[in-house]
Amino acid sequence: MSSYKAKLPIHERPLVEIDNLVFSYKARAPILKLPRFTLNKSEHLFVKGPSGSGKSTLLGILTGILVPSQGCVHIFGENLGAMRPSERDRFRGKSIGYLAQMFNLIPFMSVVDNICLPIALHKMSFNSDLKTRVQRLMKELDIDSLAKQKVSHLSMGQQQRVAAARAFLLEPPLVVADEPTSSLDELNKNELMKCLFALADQSGSTLILASHDLSLTAPFPKILDMTAPLGQIEAQLC
Amino acid sequence: MLTKLAIQSMLTRRVSVIIAILCVALSVMLLCGSWAVEVGIRQGFARSLAGTDVIVGARGSPINLLLYSLFQVGSPLESMDWSSYQRIAKNPEVSWTIPIALGDNHKSFRVLASNQSLFENFRFGHQEQMTLAQGRLDLSDFSIVIGSQVAKELGYVIGTSIILGHGSEVSEAISQHSQQPFRVAGILAPTATPLDRTLLISLESTAMLHHVEEDADSKAQHENEEMPGLSAVFVKLKSKYALFDFQDFIRKEQPQPLTAAIPGLTVSEIWSHFTFIEKGLQVLGIMLLGVSLSTIFLSLYTSLEGRRREMSVLRVLGASPWSILMLFTLETLICLGLASLLGLAVLKLGMLSIPFVFSSFSEIALLSEIFSSESLWALFAIFLSGFGLATITAWQAYRRALQDGLIIQS
């Protein structure tokens, strides 16, 4: 893995730094351009924009699933583009939590199995610390009574809370959420947002949330407007 | 956890998985079955005779001579004169002889007439000698020694009285030698050779049964006329090197035209006639296996579309290509493992039931092992192919998941 700004101590490095990012599918016209953008630790970011504005693409690049056509992306000083695919997989699995619009849960597995999936995929030992953390997350998200149920039997709100528990399980420095509230009603939406911020504070994670729902912007200190030309960061007071 | 995920994923596609497992099980059964039967037949042939260098009979085909004298298949067209037998027995190159006469049966079991030399010199398998399960090896005075299968199927014990029938065809005799019953003196221990289905009597008893009038005083003088015609003579030579001279002796120096069959060579010749059946079964098994592996591949591959979310989730959570490969390999190996176990279990049950359905094939069933070196290679090839198919599918799944990225929502 290459190191970015190796001279800087780790606490001074930006959490996310994007430099002249261009992304296009094959030889088509670019669908995303970001000249420069940095995000420091604990600066929760809201990415706004309508459907098709490139929000999911940006999240794909930040999580290392998509590789930029030009420019580079550094997460905690690590250049994702310079990593091998398997290194990016490992990096993403251990350092980035992810929540999707449709929860991205495996429907035939139980709640607890879905939450513990990252442990198995990264061959971590399911020690007492992790067991306690799983129990605590389920309790905080009020899904502890559903532990053995298949997620396909749960309501939308419950499924999104399972996905949130999984995203925060390994206490990643960065949690990325792509339209996490779009399938939820008002009550569940507000509940989930409260949970996300509470969990982010507990685990010291930085939250990047993309949504077209502007009512969610309030708690975010930074907003990235994908509709603005070449992308612009708006500073916002909490 | 990956194993749990693989099993749970398979359970969601249970119908196609069960069909794939049944197809592979059928192929494994057919493929291993064809080899097991082949091994059983080969061992059965090889086991039936040991230590005999030449079988001599009346002029005819060596294959026919071997089949009727050793395997109880077919009948001799002509008999061999007693005088011819005596000339053979007196040949200085001959170590020992076992004269045999066929021609009678008892309830579909053949009767073999011989003398004490049979018990002393006949060997089968790995130079094994006939042993008794019960009674004694006594062929005198209308005593009879019966094979283990005869005793088992007919429920005979020591002392049972038996009436023999005329004719060696494996059917009920048309005429019975009812005037002269035999008494069971001994029951042989199982040999896994045609001996198990044979009744043994003395040549003298056969002669008497067939109304060769005897006079006690002239018995020694007119032995030639009194003894029955022989079906064959098993010959052991003092030296293997004398084999060609002995064959010349049989061809040229006998008043009666005779045939000499070398058991090993003749068995190979017989086997060459059956090879096409064995090859046919194997080709069928391999073709079926190809179809079955394709079924597994199709089942895995077509499930990819329905598993896009599963793959996408795994990918997002940081699953490496290795983890995806492990998942598909586990699924394939579970399928193939279950199918192989099922196929081999059904095959074993089938082999065990052979004696109940086809009693004359009991030796094959007894000798057949479902694990031959060929069948183990076949299983290895099946698992290797399965691994190959799993790799192709896993690669496709990984690629698709990469393309789907975070976008797949349904």
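Residues numbered from 1 in each chain as written. Chains lettered and ligands numbered in written order. Predicted model: local features only at pLDDT ≥ 70, side-chain atom pairs only at ≥ 80, totals over all residues.

Chemist: Tell me what's going on with the overall build of chain B, and back it up with residues and numbers.
Modeler: Across its full length, chain B carries 14 helices and 13 strands. In chain B, which comprises 410 residues, the proportion classed as buried is 43%. A separation of at least 24 residues holds for 80% of the contacts in chain B among residues at least 6 apart in sequence. (Helix = DSSP H or I, 4+ residues; strand = E, 2+ residues; numbered from the N terminus. Buried ≥ 20, exposed ≤ 12 C-beta atoms within 10 Å, placed from the backbone. Contact = placed C-beta atoms within 7 Å.)

Chemist: Tell me about the overall build of chain A, residues and numbers included.
Modeler: Along its length, chain A carries six helices and ten strands. Looking at chain A as a whole, 43% of its 238 residues are labelled buried. Of the contacts made within chain A by residues no fewer than 6 positions apart, 72% connect residues no fewer than 24 positions apart.

Chemist: Break down the interface of chain A and chain B for me, with residues and values.
Modeler: Taken residue by residue, the interface counts 29 residues in chain A and 25 residues in chain B. When the residues that make up the side of chain A that touches chain B are grouped by side-chain class, the tally is 15 nonpolar, eight polar and six charged. (Nonpolar A, V, L, I, M, F, W, Y, C, P; charged D, E, K, R; others polar.)

Chemist: So what's going on with the confidence of the model for chain A? Residues and values would help.
Modeler: With 90% of its residues at a pLDDT of 70 or more, chain A has an overall mean of 83. Predicted confidence is poor over residues 1-6 of chain A, with pLDDT under 50, and the contacts of this stretch with residues over four places away or in other chains come to twelve contacts. (pLDDT = per-residue confidence, 0-100.)

Chemist: Residue-level account of the sheet that holds strand 2 (residues 32-39) of chain A, with values.
Modeler: All names here are of chain A. Reading across from one edge, 2-1-4-5 is the order of the four strands in this open sheet, with antiparallel pairing throughout. With one partner strand each, in any of the chains shown, strand 2 and strand 5 (78-79) form the two edges of the open sheet. Two elements, strand 4 (residues 70-75) and strand 5, share two bridges in a ladder whose sense is antiparallel. Each bridged residue has a counterpart across the sheet, and for Ile75 the counterpart in strand 5 is Glu78. (Pairing = 2+ DSSP bridges.)

Chemist: Tell me about helix 3 (residues 111-121) of chain A, and please be specific about residues and values.
Modeler: All names here are of chain A. With nine of eleven residues buried, helix 3 lies mostly within the body of the structure. Buried residues of helix 3: Val111, Asp113, Asn114, Ile115, Cys116, Leu117, Pro118, Ile119 and Leu121, and no others. Looking at the residues trailing helix 3, positive phi occurs at Lys123, about 50°.

Chemist: Can you tell me about the nonpolar core, naming the residues and giving the values?
Modeler: Looking at soluble globular proteins, one finds that nonpolar side chains tend to be buried together. Of all hydrophobic cores here, the largest spans 168 residues; its most connected members are A:Ala164, A:Ala165, B:Val56, B:Ile144 and B:Val233. Discounting residues that sit within four places of it in the chain, B:Val56 has contacts with B:Ile88, B:Ala232, B:Val233, B:Val235, B:Ile250, B:Leu258 and B:Ala260. (Core = buried A, V, L, I, M, F, W, Y, C linked by C-beta atoms within 7 Å.)

Chemist: So what's going on with the environment of A:Leu196? Residues and values would help.
Modeler: Residues and elements named next belong to chain A. Considering the arrangement of structural elements, one finds Leu196 in helix 6 (residues 186-203). Linking Leu196 and Leu141, residues 55 residues apart in sequence, is a C-alpha distance of 9.7 Å. Not counting residues up to four positions away in its chain, the partners in contact with Leu196 are Ala164, Ala177 and Leu207.

Chemist: Account for the packing of helix 3 (residues 62-70) of chain B against helix 10 (residues 263-306) of chain B, with residues named and values stated.
Modeler: All names here are of chain B. As a packed pair, helix 3 and helix 10 sit with axes 10 Å apart at the nearest point and diverge in direction by 100°. Considering their axes alone, helix 3 and helix 10 lie roughly perpendicular with respect to each other. Where helix 3 abuts helix 10, its residues Pro62, Ile63 and Leu66 lie against Pro263, Thr266, Val267, Glu269 and Ile270. Classifying every residue of the contact of helix 3 with helix 10 gives six nonpolar, one polar and one charged. (Axes fitted to C-alpha atoms, helices over the stretch in contact; angles between N-to-C directions. Parallel < 35°, antiparallel > 145°, perpendicular 65-115°, else oblique.)

Chemist: Explain the packing of helix 5 (residues 156-168) of chain A against helix 6 of chain A to me, using residue names and the numbers behind them.
Modeler: The axes of two packed helices give the description: the angle between them and the distance between them. Residue and element names in this part refer to chain A. One way to put it is that helix 5 packs onto helix 6 with a least axis distance of 11 Å and a crossing angle of 10°. With respect to each other, helix 5 and helix 6 are oriented roughly parallel. Packed against helix 5, whose contacting residues are Met156, Gly157, Gln160, Arg161, Ala164 and Phe168, the element helix 6 presents Asn188, Glu191, Leu192, Cys195, Leu196, Leu199 and Ser203 at the interface. Each residue belonging to the contact of helix 5 with helix 6 can be placed in one class, and the counts come to seven nonpolar, four polar and two charged.

Chemist: So what about unusual backbone geometry? Which residues, and what values?
Modeler: All names here are of chain A. Positive phi is not limited to glycine here, since Asp142 has a value of about 60°. Relative to the helices and strands, Asp142 is located in the loop between helix 4 (128-140) and helix 5. Under the C-beta neighbour-count criterion, Asp142 is labelled partly exposed, with 13 such atoms within 10 Å. Backbone geometry places Glu179, a non-glycine residue, at a positive phi of 45°. Inspection of the secondary structure assignment puts Glu179 in the loop between strand 7 (174-178) and helix 6.

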